Amino acid sequence: MSGSGRALAAVALAGAAVLAAAGPAGADERPTRTCAPGELTVRIGERPSPSAADRLFVIGFRGNEGVSCLLSGALDYIRFYDTSGRPLDVRFSDKSAVPPFEQVPVNDFREAVVYVAAPKRGGSLPIGGMAFSVPTAPESEMKAAWPAPVAGPLRITGIMSPAS
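Report on the accompanying structure. If you're wondering where the values come from, they're calculated on a predicted model, not measured in any experiment.

We now examine the state of the cysteines. For the coordinates displayed, the defined rule picks out one disulfide. The partner cysteine of Cys35 in its disulfide is Cys69, sulfur to sulfur 2.0 Å. Torsion about the S-S bond of the Cys35 and Cys69 cystine: about 90 degrees, corresponding to right-handed handedness. Here Cys35, found in the loop between helix H1 (3-22) and strand E1 (40-47), pairs with Cys69, found in strand E3 (residues 69-71); they are 34 residues apart in sequence, far enough to count as distant.

Given below as structure tokens:
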């Protein structure tokens with residue numbers, strides 16, 4: 001290999017190392033479009049609550065692989081089902097999901113969340129699943145398994161960045 005060929009190869013290797021260290025193209029760019037139906041994955045889990053009187057559930061949203069978009073607002077058309085799939089009448093004490101809403105970028109690494117608080121005391125609703133729509137795609141219905149029975153009424157937030 002000639003001297004200029006070796007120099008070109010060294011420059012190419014150095015450039016490839018810089019690109020690899022920088023991460024994928026667009027990784028730090030903020031998306032500008034809202035999430036469309038079918039672009040999100042949802043999961044619901046229970047986390048330790050900062051309040052001794054409540055149980056805390058987290059509804060997490062991530063973009064499907066390769067998707068980067070924005071979520072904002074409050075869940076709509078919320079329905080709960082028992083473990084056999086029959087509808088349940090679940091009450092909300094209040095909706096703390098009021099404007100202005102944060103625009104939360106999501107992708108397959110970064111999630112948006114909705115927090116649901118349920119009182120520890122009282123009766124227990126045998127919730128097995130939840131269905132709802134997201135504001136950016138009101139015509140689509142999302143469904144997820146609910147992890148445990150809860151007492152009502154529930155309190156729910158808007159879509160937000162996860163609390164750290």
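The structure having been displayed, the exposition proceeds.
Quick look at the pairing of E1 now. Pairing between E1 and strand E2 (residues 54-63): eight bridges, direction antiparallel. Paired with Glu46 across the two strands is Phe57, which belongs to E2. Between E1 and E2, which pair antiparallel one after the other, the connecting turn spans six residues.

Here Ala117 is to be found in strand E8 (residues 111-119). By relative accessible area, which is 12% here, Ala117 ends up buried. Along the chain, Ala117 and Phe92 lie 25 residues apart, while their C-alpha atoms are 9.8 Å from each other. Once residues lying within four places of it in the same chain are set aside, the contact partners of Ala117 are Asp54, Arg55, Pro153, Leu154 and Arg155.

Analysis parameters
Throughout this description, residue numbers start from 1 for each chain and increase along the sequence as written. With the structure being a predicted model, the display of local features is reserved for residues of pLDDT at least 70 and the display and counting of side-chain atom pairs for 80 or more, all residues being used for whole-chain, interface and lining totals. For the side-chain quantities, the full set of heavy atoms in the structure was used; hydrogens and water were omitted. Defined by distance alone, a disulfide is two cysteine sulfur atoms within 2.5 Å. Helix and strand labels come from DSSP, where a helix needs a run of H or I of at least four residues and a strand needs a run of E of at least two; each type is numbered from the N terminus. Two strands pair if DSSP finds at least two bridges between them. Only protein chains enter the accessibility calculation, which uses a 1.4 Å probe; a residue whose area is less than 20% of its type maximum is buried, one above 50% is exposed, and one in between is partly exposed. Note on contacts: a residue pair is in contact if any heavy atoms of the two residues lie within 4.5 Å.

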